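Examining the three-dimensional arrangement
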Amino acid sequence: MIFRQTEAGLIPEDWEVRTIGESLQFISGKAHEPYISRSGNFIVVNSKFISTDGMVRKYCTVNLTPARKDDVLMVMSDLPNGRALAKCFLVDESNKYAVNQRVCIFRSKSYDPRYLRYILNRNAYFMAFDDGVQQTHLLNDPIRKCPIALPSRKEQKAIGDVLTNVDDLISTLERLIAKKRSIKQGMMQQLLTGKTRLPGFVEPWAEVSIGDVADIDPETLPSTTRPNTVIDYISLEDVQQGYLLGRTRVDVGSAPSRARRVIRRYDVLFGTVRPNLQSHLLYEGGLQRPVASTGFAVVRAGRQSDPHFIFNLLMSRAAMIQIDRIIAGSNYPAVSSGDVKKLSFTLPLLVEQRAIAKVLTDAESEIGILRTRLDKIKSVKQGIMQELLTGRTRLPIPEAAS
């Protein structure tokens with residue numbers, strides 16, 4: 001196979017390169033904020049809609065920029081290092097979506113829409129405009145100059161078929177995980193409130209606050225710590241609904257000023273900034289010198305409380321109801337460590353806490369297995385995209401394909 005170097009990178013000799021301006025119709029969205037209404041018939045496509053894959057949505061009564069089926073919509077503005085910049089959405093139905101300002105439409109009858117969505121989504125050309133410091137605004141003229149690699153329509157369709165099949169598998173797993181999590185939430189509602197008791201337990205539960213059964217923020221990184229001491233820093237962005245997504249290994253001297261909470265195995269990290277996002281974690285060890293952001297309240301279970309039980313309690317609906325009351329009417333949705341300390345619940349004896357925690361931990365382990373599988377498939381998908389969208393791996397093209 002012969003390759004040639006182009007503005008779109010190294011591609012097969014039989015592929016062509018054209019700019020967006022040469023090959024696609026480019027349409028900028030318009031402001032729909034004056035027409036936002038819960039009773040609206042049109043879905044407003046803004047950066048939040050696209051970045052959440054359509055989960056977060058608003059509606060409007062007037063459609064100034066209607067999208068058509070097979071249009072590719074792209075986010076044109078985002079914060080530094082944001083996850084929305086240049087993310088794309090493939091329209092599945094005409095006259096359903098109203099394209100908002102700072103979102104654009106790519107329209108074509110000549111190219112496979114699924115291929116266009118994959119080749120344009122977070123394209124390296126667009127991402128190069130993000131300097132990590134300033135908010136990025138992709139301008140119309142640079143967007144039109146973006147080069148894209150284009151195989152034949154038949155090969156575009158074949159690539160789209162493969163990647164769509166992988167995405168379908170990912171969607172199936174995500175739905176299964178959501179179903180399992182919903183089942184676990186139901187179990188939590190019954191077991192953590194005592195509405196359902198496990199066999200053999202009859203002792204009454206006691207009304208307590210978190211501060212009665214746990215220490216809050218028990219350790220702070222000493223000011224005398226040497227600047228060259230290496231820590232594993234956990235920020236709010238590193239935690240998502242009980243899972244540690246990452247951490248930053250850094251010297252104390254160059255660590256963020258928020259790197260102050262020393263944590264130990266089985267400490268519970270409760271995200272106090274936008275707590276409804278549930279950036280909470282039961283830290284189960286594995287890091288050499290873990291230090292959490294002051295954006296967390298660190299909850300260390302006492303002798304008469306089980307850390308797994310406490311963690312599930314803080315993730316429960318009962319906890320979120322109390323949190324909602326605290327932040328109601330606030331311009332900045334956050335709570336303090338003192339607020340976490342005052343959260344009140346009814347607790348069983350330690351032996352029943354452990355039994356309940358085991359049931360819920362087993363349920364979460366099943367979800368964790370599915371999440372691991374999902375992460376692996378997503379990783380494999382990235383490799384497949386790298387191969388197919390650059391032409392390093394070619395697919396067999398049936399003669400009858402169109």
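Procedures and definitions
Residues numbered from 1 in each chain as written. Predicted model: local features only at pLDDT ≥ 70, side-chain atom pairs only at ≥ 80, totals over all residues. Heavy atoms only, no water. Helix = DSSP H or I, 4+ residues; strand = E, 2+ residues; numbered from the N terminus. Phe/Tyr/Trp six-rings, centres within 6.5 Å; stacked < 30°, edge-to-face > 60°. Buried < 20%, exposed > 50% of the residue type's maximum accessible area, 1.4 Å probe, protein only. Lys NZ or Arg CZ within 6 Å of the ring centre and 35° of its normal. Pairing = 2+ DSSP bridges. Salt bridge = Lys/Arg side-chain N within 4 Å of Asp/Glu carboxyl O. Arc of directions from axis to C-beta. Contact = heavy atoms within 4.5 Å. Core = buried A, V, L, I, M, F, W, Y, C linked by side-chain atoms within 4.5 Å. Disulfide = S-S within 2.5 Å. Axes fitted to C-alpha atoms, helices over the stretch in contact; angles between N-to-C directions. Left-handed = near helix turned anticlockwise from the far one by under 90°.

What about unusual backbone geometry?
In this structure, D217 takes a positive phi of about 50° despite not being glycine. Secondary-structure assignment places D217 in the loop between β15 (214–216) and β16 (230–234). The phi angle at Y266 is positive, at roughly 75°, despite the residue not being glycine. Among the secondary structure elements, Y266 is positioned in the loop between β20 (259–262) and β21 (268–271).

Considerations on the packing of aromatic side chains
Scanning the entire structure with this criterion turns up 6 aromatic pairs. A ring pair is formed by Y125 and F129, whose centres lie 5.6 Å apart and whose planes are at 75°; its orientation type is edge-to-face. Residue Y125 is classed as partly exposed on the basis of its relative accessible area of 24%. Among the residues examined, F129 registers a relative accessible area of 39% and is labelled partly exposed. By way of ring pairs, the aromatic residues F49, F89 and Y97 are connected into one cluster. When the ring centre of Y243 is taken as origin, the NZ or CZ atom of R371, which lies over that ring, is 3.7 Å away.

Digging into the pairing of strand β23 (residues 290–293)
As paired elements, β16 and β23 share 3 bridges and run parallel to each other. The residue bridging I234 from the neighbouring strand is A292, located in β23. With 3 bridges joining them, β20 and β23 adopt antiparallel strand pairing. Counted as the bridge partner of A259 is S293 from β23.

Looking at the pairing of strand β24 (residues 296–301)
For a regular strand, the rule is simple: side chains alternate between the two faces of the sheet. Counting buried residues along β24, 5 of its 6 residues qualify, which places the element largely inside the surrounding structure. Sheet analysis places β15 next to β24, joined by 3 bridges and oriented antiparallel. Within β24, the position partnered with A214 by the bridge is A301. Note: β21 against β24, 4 bridges, orientation antiparallel. Note on β24: the bridge partner recorded for G271 is F296.

A few points about the pattern of salt bridges
On inspection of all chains with the given rule, the structure shows 24 salt bridges. Across the pair E93 and K96 runs a salt bridge, and its minimum N-O distance is 3.9 Å. According to the relative accessible area criterion, K96 is partly exposed, its value standing at 24%. Where R249 meets D232, a salt bridge forms, and the shortest distance between an N and an O atom there is 2.9 Å. Separated by 17 residues along the polypeptide, R249 in strand β19 (residues 248–251) and D232 in strand β16 bring together distant segments of the chain.

Re helix α9 (residues 317–327)
Each full turn of the α-helix corresponds to 3.6 residues, which orients residues three or four apart in the same direction. Within α9, the full set of buried residues consists of A319, M320, Q322, I323 and I327. Viewed end-on, α9 has its buried residues packed into an arc of 160°, placing them on one side of the element. Turned more than 90 degrees away from the buried face of α9 sit R317 and R325, all of them exposed. Where the residues of α9 are buried, they touch β21, α8 (307–314) and β25 (344–347).

As for the nonpolar core
Counting 33 residues, the largest nonpolar core has I210, V299, L314, L347 and I356 as the members making the most contacts within it. In contact with L347, other than residues within four places in its own chain, are W205, A206, V208, V213, F309, I310, L313 and Q353. Membership of the second largest hydrophobic core comes to 31 residues, among which are W15, L85, L120 and M385.

What to know about the side chain of N100
In this structure, N100 sits in the loop between β10 (97–99) and β11 (103–107). Discounting residues that sit within four places of it in the chain, N100 has contacts with G29, K30, A31, H32, E33, V44, V45 and N46.

Comments concerning the state of the cysteines
Disulfides are covalent bonds that connect the sulfur atoms of two cysteines. Within this structure, the stated rule accounts for 0 disulfides. Here C60 is not cross-linked by a disulfide; its sulfur's nearest cysteine counterpart is in C104, at 18 Å. C146 forms no disulfide, and the closest cysteine sulfur to it belongs to C88, at a distance of 9.7 Å.

Things to note about the packing of α8 against helix α11 (residues 350–388)
Their axes nearest at 8 Å, the elements α8 and α11 cross at an angle of 65°. Pair α8 / α11 crosses with left-handed handedness. Contacts between α8 and α11 involve H308, F309 and N312 from the former and Q353, I356, A357, L360 and T361 from the latter.

Some thoughts on the sheet that holds strand β9 (residues 88–90)
Hydrogen bonds between backbone atoms are what pair the strands of a sheet, whose relative direction is either parallel or antiparallel. Strands sit in the order β4-β11-β7-β9 across an open sheet of 4 strands; the sheet is antiparallel. Of all strands in the sheet, those with a lone pairing partner are β4 (25–28) and β9, marking the two edges. On average, adjacent strands in this sheet sit at an angle of 25° to one another, irrespective of strand direction. Looking at chain direction, strand β7 (residues 72–75) and β9 are connected through 3 bridges and run antiparallel. Its bridge partner lying in β9, V72 is registered against L90.

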